[in-house]
Amino acid sequence: MKRRLLLLLPLAGFLLLSGFLYLGLSLDPFHRDSALLAREFPAFELSTLEDPEAVVDESLFQGEVTLVNVWGEWCPTCKQEMPQLLSLAERGVRLVGVDYKDTRAKGREFLEEFGNPFEVNIFDPEGDLGFELGVYGAPETFLVDSDGIIRYHHTGYIKPEDVEQTILPEVRKWQ
Amino acid sequence: MLTKMIPEIGHFALVIALLMAFFQAVMPLAGAATRRPLWMAFARPMAAGQFLFVVFAYLCLTASYMLDDFSVANVANNSNSMLPWYYKFSAVWGNHEGSVLLWSLMLAGWTFAVSRFSRNLPEDMVSRVLGVMGMVSTGFLLFVLVTSNPFARLLPSVPQDGADLNPLLQDFGLIIHPPMLYMGYVGFSVVFAFAIAALLGGRLDAAWTRWARPWTNIAWAFLTVGIALGSWWAYYELGWGGWWFWDPVENASLLPWLAGTALLHSLAVTEKRGSFKSWTVLLAILTFSLSLLGTFLVRSGVLTSVHAFANDPSRGLFILALLGITVGLSLLVFALRAPRVGHVVPFSWMSRDALLLINNILLVIVTVTVLLGTVYPLLLDALGLGKISVGPPYFNTLFVPLTVILCVFMGLGPSSRWKRMSARELFRRLSLAGLAALVIGILAPLVVGGEWNLWVSLGLVAALWIVLPMVRDLFDKIRQAGSPSAGLRRLSLAYWGMVLGHLGVAVTIIGVAVVSNYTVERNVRLAPGDSVEVAGYTFTMNDLRSRRGPNYLADTAFIEVSRDGSSRSFTMVPEKRLYIARGMPMTQVALRPGLFRDLYVAMGEDLGDGAWAMRIQFKPFVRWLWLGALLMAAGGILAVVDRRYRLKRQPQTSQQAPSTREVPA
């Protein structure tokens, strides 16, 4: 009997480990959020896509709830996301773009082709701001409240149904 | 218009493969349990069919890459029309979906190989082994189809061009590193299947070990090469000259290797002496479980790592379920059935049996240490105790001393005898070699390096302590045989495999010790015309140019290097590339490799006015790291071609009672 209990030991150890792995699984997706949520939008100083001479910084987000979308011409998913962003802009949501790891010419071409829902586009060719934001890739979207605090983080493509179901309710919540 | 349908055809082939895998799992296992030959006969044809269809699906995905079909999401996200063809070919496994498909392909391949090379196995054994592999395969194919379909389309808006393959992966090392690694991971499924089959059938004898050993050796050799390639790639591609970072994903590959190493030795004892049976079976389960755990850690994104592909919780949950079912069930089978195959063979504490047991325990301790360090951040986080990361300090403080202790026993092992031997005899055999290892190890750094270093000496003593007793043992064996040629002929290939494998460990240890302590590194500012001296070499920047590659722009420096006091010189050409499609900068290191030292030049940032930050390193003996790994792998392969695995085995039928008899090896 004692030997049999001993033989069950590996199984018990494994079950314990898988319990933790399961917990880890449900923990982690929120990890990256919690690192940014309720924090101020990171400080930056970059030119805009529209005008190489104009310099913008984090004060851009003072006074109004803003949806910050990280995109790039090189990102095919961003193209699919544009209709959703355009419809959000039509409904009065203020949008600011971050043109991430791109060239000016390509970025402008992209907006001409797919429409421009953004009030202004921060030009981030080296990905410095993206790094501060902890962006893994594009598209990623952040909701910043009128005090410049990040309130919501959407990783990946905003699906058509996300507009009504998640993004708009979040925007209204912080307005 | 057939080419337009390639992704759908591939997807369909994968579905058929899944069905075949399912039948390959269910019918033979049920047949073996109820003794129905017809059901058991499903095993081989289904294995062949599954392999065929997975190969076909894999070729379909490759074709989509080659034909630049950007309507396939996988291709659009990981390829580009400018990408050279060989990278398109390898880009297939440079992403999550494709690499899981490669995993399945290899599993199907190993299964097929087992079904072909198992003519001499009893039918019920074959059925159970293939059945278990079919279960694993069913799980993985389901995983591919349900959560990670590589053939998913981006319709209707098809991108004009792809996002390009991550530049880090556009490299020869990365073409071959994942396949080698996966061959190892997946290869352990064979010995795992053999272990489960043995538990189910109640048969675990010397014949069983002889069937399982070659597969284990080959898988282990692949994994060894795979890990070495990964380390080599990190060394020249990541641009800072490190070769091991204790990154969770690196650990994930090291874990099954450590457990697999223990398994190799435990199998040897089980074959020769018929002992440690339960332990061997447990190690077989553990080794493959750790392969699966590695897959889980990489794919689920529960741990942050440079290798993580996808951060998708549904995938993580699926793999966890897969892991839970596979490992949980097999450990349950183990707990219920292990007593039936257990069998105690007496041995003295002064014997090779005992030494190998200690080796096993040590290797398991090392495995657990690395495992704990890898999942510890996760455990703390799950318990709400905060976020930490466990880095090299933890691993180095525990891994190094444990390895040294392991080396002490590695030196003793090959010189010891099975069953029992007197302590005096062992001392007689080893004293001279031990003394020589101590003296040479302590003095060599002084004579060669000029500067004494404790860690280098420790490494050298450990390495020599492994090698010298083996050399002595070799001479002993030759002397006993009379003439050298007769003596060499009498030594089996398995013996040479062992010698080569242990020699490999020694070589790697020397490499680690020397390169970790004698590396010279300088970060300097270089403009054209400037020169700098590092470790007795003069580096002069002659020229700086820009050029355009197939899918990148590059700044290239031409650096003339000459050894002090020598008139001969050579040019090293480091490069800073900007990959156009991803806008991603990459460092292309210039290397001057040598058996005793590497020179390493990497470009940092542009400092303006034509000056660049340069990282110049002198890395002695760094090649020995990987050379040792190659020797280990060669040893593993050499042992497989040993005569005794090729001899026609006695036919054994399934009607035989479970036997525990000894077969002289």
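Residues numbered from 1 in each chain as written. Chains lettered and ligands numbered in written order. Predicted model: local features only at pLDDT ≥ 70, side-chain atom pairs only at ≥ 80, totals over all residues.

## Brief notes about the overall build of chain B
Across its full length, chain B carries 20 helices and ten strands. In terms of overall dimensions, chain B has C-alpha extents of about 85 × 75 × 55 Å along its principal axes. Across the 665 residues of chain B, 52% fall into the buried class. Nonlocal contacts in chain B, meaning residues at least 24 apart in sequence, comprise 75% of its contacts between residues at least 6 apart. (Helix = DSSP H or I, 4+ residues; strand = E, 2+ residues; numbered from the N terminus. Buried ≥ 20, exposed ≤ 12 C-beta atoms within 10 Å, placed from the backbone. Contact = placed C-beta atoms within 7 Å.)

## Section: the domain arrangement of chain B
Residues and elements named next belong to chain B. Under the domain assignment, chain B is made up of domain 1 (1–165), domain 2 (175–417), domain 3 (422–489) and domain 4 (521–622). On a C-alpha basis, the centroid separation for the pair domain 1 and domain 4 is 43 Å. If you look at the interface, domain 1 gives six residues, while domain 4 gives five residues. (Domains from an automatic or database assignment.)

## Brief notes about the sheet that holds strand β10 (residues 611–620) of chain B
All names here are of chain B. Pairing within the open sheet is antiparallel, and its four strands lie in the order β1-β10-β9-β8. Two strands bound the open sheet, and with one partner strand each, they are β1 (520–526) and β8 (590–592). Going across the sheet, the axis of each strand differs from the next one's by a mean of 20°, ignoring polarity. Pairing geometry for strand β9 (residues 597–608) and β10, over nine bridges, is antiparallel. Paired with L599 across the bridge in β10 is F618. (Pairing = 2+ DSSP bridges. Axes fitted to C-alpha atoms, helices over the stretch in contact; angles between N-to-C directions.)

## Focus: the interface of chain A and chain B
Each side of the interface is counted separately: chain A has 25 residues, and chain B has 32 residues. Those elements that provide at least two residues to the side of chain A that touches chain B are α1 (2–27) and α3 (76–90) of chain A. Looking at the side of chain A that touches chain B, its residues break down into 16 nonpolar, three polar and six charged. (Nonpolar A, V, L, I, M, F, W, Y, C, P; charged D, E, K, R; others polar.)

## Things to note about the sheet that holds strand β3 (residues 66–71) of chain A
Residue and element names in this part refer to chain A. Pairing is mixed across the open sheet formed by five strands, whose spatial order is β5-β4-β3-β6-β7. Of all strands in the sheet, those with a lone pairing partner are β5 (120–124) and β7 (150–155), marking the two edges. Each strand of the sheet is rotated relative to its neighbour by a mean of 20°, with strand direction disregarded. Summarising the sheet, β3 and strand β4 (residues 94–100) pair through six bridges and their orientation is parallel. Within β4, the position partnered with N69 by the bridge is G97. The strands that helix α6 (residues 160–174) touches are β3, β6 (140–144) and β7; relative to β6, the one it contacts most, it runs at about 25°.

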